[in-house]
Each structure stands twice: as C-alpha cells, then as structure tokens.
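# Residue-level structure breakdown
Residue-level listing of the chains:
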Amino acid sequence: MSYTSLSIVRAHLLNSDDDALSIQNLPITLTGQNDVALPHQHLVSNSETVKWDVQNLPGKDGPLTLSDYDKVQLSDGHLIRGSVVVTLGDTLSTVYTAETDYKVDYQSGFIHRLLSGAIPANQPVYVFYNCYAVFTGRTDYVLDCDRGTIHRTSNSAIPDGATVLIDYAVAAGSVTDALITQAIVEAEDLIVRSLATGYTAQSADQGLKTGATMLVLSFVARDMATEALARQPGSDAGTRAKEWQNLSALYEARAWETLRPYLERYPMHSPGKQANA
Amino acid sequence: MVNNTHAYLMARTPLSTMAFSGAQTNQSVYLHGPGGQNGDGFPLPRRGYVTGLHVWDGTTLRSDSSEIAFNAGDRISVYCQSGGSDFAVKLRVNGTSSAMQVSGVPFNTTLYATVEFMVVRE
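## Considerations on the overall build of chain B
Within chain B one finds one helix and nine strands. In chain B, the succession of α and β elements from N to C terminus is α-β-β-β-β-β-β-β-β-β. For chain B, with 122 residues in total, the buried portion stands at 31%. Look at the contacts in chain B between residues 6 or more apart in sequence, and 63% of them connect residues 24 or more apart.

So, in structure tokens, the structure goes:
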C-alpha cells in the first residue's frame, strides 16, 4: 500500500506548473538540410510559425465598413505589428490611431473599431498593412519539438541559406509519470524507515498520506529544477529552475512538518537548518 | 516608433504644386499656367488628388482645400469666373469646374494662384 499515488500527485502539480513561454520573431538561418538548434527544447506541438518578411509593398484592403464593434477580416493574417495604417483614403488626410480608434488581431488579421474611438460607425476606411509570408511545416521545414531543432526540407520554399523568423511556445514544465512514480518510491522509503513505533507502511492515517504527497511533490519539483537547468542557454532556464527549487523547499518543509507526529523523534531527514556541532 | 507603412504611403503620394497667374479685368478667363499659356489644362501623368487652391490678389490670400480626384491624363486649370461684381476662382478638371474654389476675388487685379496636388505612385 502506498501513502500517495500518481493521480494525487499529478492533481497537485496541475496547480503548480509554470506557464508556457512564448517566443516570437526569432531569426534563424537555415542552410542546406542541417539542423539548427533553437534556444529552447520541449516546444509545444504545432505552436510554431515559420515566416519571413520580404514584402516590398504593403497590402491594401478597402473600402471596409467598420460598424459597431464587429470584427472585420482582412485579406491576410500574420500582420506585422506596427505596420497597420487605417485611413479614409490615399491622401492620408485622416489617419486613425491604433489602440485608440481601432484594434487589430495581428495573428488572425481581424480589425474592429473602438466604440470610444474617432472612427464613425459604418465609416468606410482603407487598411494598409504588411504581413509575413508563412511557410508550411513538413513541406518547407521539419521541426523537432522535443529536441528544439529545425531544418529545411529538400524541396523547401525557403531558399538555402535564408534567414527566416520563427514563433513558438515552450512547453510548461512537463512532469512524466515515470518521474512521479520514482519520487513516490523514494519518498515512501524515506518515510517508512523513519516511522515511529505503531506506524507501518500500511497505516492509513491522513497525515501520513498528506505528508507523503508533499514529500513526493518536493522531489518532483527538485527534479524539474534539474530538468530546467538542463535546457540550453539563452532560455529562461535559470529563472524556472529557481522557481522549482523554491517550490521544492516549500513542499519539503510542509511535508516534514505534517509527518512529524508519525516519525521517530530524530527523523533521517529534516528541512530545518542545523548548526554544526 | 515610426510606422513604416505610413512612411511609405506618405512617400508614394508626394505633394506637388502648379502655379497660375494673370492680370485680370472683369472678364471670365483662364489664368496662365506654367510656360505662359492659358487654356483648359495641363495633363497630369498619374492619378491623384488636388488638395488645395490658394489665390493671392496682391492684398488678400484666399484658400480652399478638399480632395478632388483626377485620373492619369486629366488636365487641370484655374478659371476666373466673373460673378458680375467680382470673380470666383475655380479649379477645373478637363475644363469642368470642380467644387474647389475661392470667391470674392476683386476685378482688375493681378492674380497668383497655386494649385496643390498629389500624384499617387503605384
């Protein structure tokens, strides 16, 4: 019998996973079909956009009628931030202001007027913008999300040696079942060897279960810190590792505090700092 | 941060001016344009917009502004149209008066008119 379980530990971890990291417009040069290492590994599958900005002239949509708060789809998505101009016409006698008069969803290419802005409802406007040309995964490039590498395909539309931009998301801390299972084994071994008289591995006291879960979480967080540091330089690995370390220390302190009534007076491990004799 | 699209749009519609002038009596007449001839217009090479008309009679500057669209090959001119007691000075496109004009311009003065326009480079 175990004091805790995989599902219990995972339920706790759902609340402590750090957020995914979003990387945008990272320039990479793709030569031949050689792998290029990205600054991160463990990327979120299908989160990437490989693109470039080689458009000489801006696109033009219009006249578009912006009514109320309705979103209007532009001809293109993947707009370049800061490249949108909304005007009444070629003379630019009236140029509206982003975030004040209208908002743009740069990724999807939607635009809508702001009710508090200067664009009258149902006013036809012209929208000029620049957008990225987007390449196709597996046709133009191959991305290995786990390893964080990318390379051109043999018949890629990306010219050999071209520099492109890539967006992607780095997976939040992902804890494997194997890691949790191993942490359970280690934590319960540690607890069982320190149990006070009257308690055994079969004891069902809630305090033992709670303490065991916290100790397992501590071990998992410690291992996640190690994993974060193993990521390649240039990432936020140091910051993430520190967060996991802090979480590990917090769980461990709570674990031993919870387990105290069930352990021998001098347990084998204690979170408290001890002065040298 | 400079919006490159806006900068491009500004650059592709450069402002230009064309000057017209003439000593007037009280008769309706086209002002003389660049080169000294008067008539119903100078052809423009690209589509664009007339955005301003400014008239100086030696004493008073009168101006009007709006957006009068023209196509490549259209001709612009400035026409002094007598109203009986003074002139209305009008921008004409292909010999037809547009809505761009100044009024109350006195007879018997020498007029200097500047037409402001932009052509669209596409």
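## Concerning the confidence of the model for chain A
With 90% of its residues at a pLDDT of 70 or more, chain A shows a mean pLDDT of 87. The element-level mean pLDDT for chain A is lowest in helix H1 (residues 6–13) of chain A, coming to 80, with strand E6 (residues 85–87) of chain A highest at 97.

## What about the interface of chain B and chain A?
The partner chain A presents 13 residues to the 14 residues of chain B that form the contact. Only helix H1 (4–12) and strand E4 (48–56) of chain B provide two or more residues apiece to the side of chain B that touches chain A. A class-by-class count of the residues in the side of chain B that touches chain A yields seven nonpolar, six polar and one charged.

## Considering the sheet that holds strand E4 (residues 59–66) of chain A
Residue and element names in this part refer to chain A. Ordered in space as E4-E10-E6-E7, the four strands form an open sheet in which the pairing is antiparallel. In this open sheet, the two edge strands, each paired with only one partner strand, are E4 and strand E7 (95–96). Here E4 pairs with strand E10 (residues 123–129) via six bridges, running antiparallel. Bridge pairing in E10 places Leu 66 opposite Gln 123.

## Structural notes on helix H2 (residues 177–192) of chain A
All names here are of chain A. For H2, built from 16 residues, the straight-helix expectation of 22 Å at 1.5 Å per residue is met to within 8% by its first-to-last C-alpha distance of 22 Å. Taken residue by residue, H2 has Ile 180, Ala 183, Ile 184, Ala 187 and Ile 191 as its buried positions. One face of H2 carries all of its buried residues, which in axial projection span an arc of 105°. In H2, the exposed positions that point more than 90 degrees away from the buried face belong to Ala 178 and Asp 189. Where H2 is buried, its residues touch H1, helix H3 (206–230) and helix H4 (237–259).

## Let's talk about the packing of H3 of chain A against H4 of chain A
Residues and elements named next belong to chain A. Between H3 and H4, the shortest axis-to-axis distance is 7 Å and the interhelical angle comes to 160°. Put simply, H3 runs roughly antiparallel to H4. Regarding H3 and H4, the two cross each other, and that crossing is left-handed. Of the residues that constitute the contact of H3 with H4, the class distribution is 16 nonpolar, seven polar and four charged.

## Points about the nonpolar core
Core analysis: the biggest nonpolar cluster contains 28 residues, and Ala 187, Leu 215, Val 216, Val 220 and Ala 221 of chain A have the highest contact counts within it. Of all the secondary structure elements, the ones that give two or more residues to this core are H2, H3 and H4 of chain A. Counting residues per element, this core draws most heavily on H3 of chain A, at twelve residues. What Ala 187 of chain A contacts, discounting residues up to four positions off in sequence, is Ala 212, Leu 215, Val 216 and Phe 219 of chain A. Within the second largest apolar cluster, 25 residues are counted, among which are Phe 20, Val 55, Met 100 and Met 118 of chain B.

## As for the packing of H1 of chain A against H3 of chain A
All names here are of chain A. Where H1 contacts H3, the axes come no closer than 10 Å and their chain directions differ by 65°. In the crossing of H1 with H3, the sense of the turn from one axis to the other is right-handed. From H1, Ile 8, Val 9, His 12 and Leu 13 reach across to H3, where they touch Thr 213, Val 216, Leu 217 and Val 220. Here the contact of H1 with H3 is built from residues that sort into six nonpolar, two polar and no charged.

## Here we look at the sheet that holds strand E5 (residues 72–73) of chain A
The sheet built from three strands is open, its strands ordered E5-E9-E8 (chain A) with antiparallel pairing. In this open sheet, the two strands that pair with only one neighbour each are E5 and strand E8 (102–105) of chain A.

Thresholds, definitions, all that
- Along every chain, residues carry numbers that run from 1 in the direction the sequence is written.
- Numbering of ligands from 1 and lettering of chains from A proceed in the order in which they are written.
- Totals for whole chains, interfaces and linings use all residues, but because this is a predicted model, local features are given only for residues with pLDDT of at least 70 and pairs of side-chain atoms are given and counted only at 80 or more.
- Secondary structure is summarised from DSSP: a helix means a run of H or I of at least four residues, a strand means a run of E of at least two, and numbering begins at the N terminus for each.
- Counting other C-beta atoms within 10 Å of each residue's C-beta, where C-beta atoms are placed from the backbone, gives the exposure class: buried for 20 or more, exposed for 12 or fewer, partly exposed between.
- In this description, a residue-residue contact is defined by the distance between C-beta atoms placed from the backbone, which must lie within 7 Å.
- Residue-level confidence of the predictor, termed pLDDT, takes values from 0 up to 100.
- Residues are grouped as follows: Ala, Val, Leu, Ile, Met, Phe, Trp, Tyr, Cys and Pro are nonpolar; Asp, Glu, Lys and Arg are charged; every other residue, Gly included, is polar.
- Strand pairing is assigned whenever DSSP identifies at least 2 bridges connecting the two strands.
- A helix's residues, less one, multiplied by 1.5 Å, set its expected span.
- Each direction from the helix axis to a C-beta atom contributes to the arc, which is the arc of those directions.
- To obtain an axis, a line is fitted to C-alpha atoms, over the contacting stretch when the element is a helix, and the angle between two such axes runs from 0 to 180 degrees between their N-to-C directions.
- Oblique is the label for every angle not falling under 35 degrees (roughly parallel), over 145 degrees (roughly antiparallel), or within 65 to 115 degrees (roughly perpendicular).
- Crossings are classed by handedness, with left-handed meaning an anticlockwise turn of the near helix from the far one by less than a right angle and right-handed meaning a clockwise turn.
- When buried Ala, Val, Leu, Ile, Met, Phe, Trp, Tyr and Cys residues are joined through C-beta atoms within 7 Å, the set is termed a nonpolar core.

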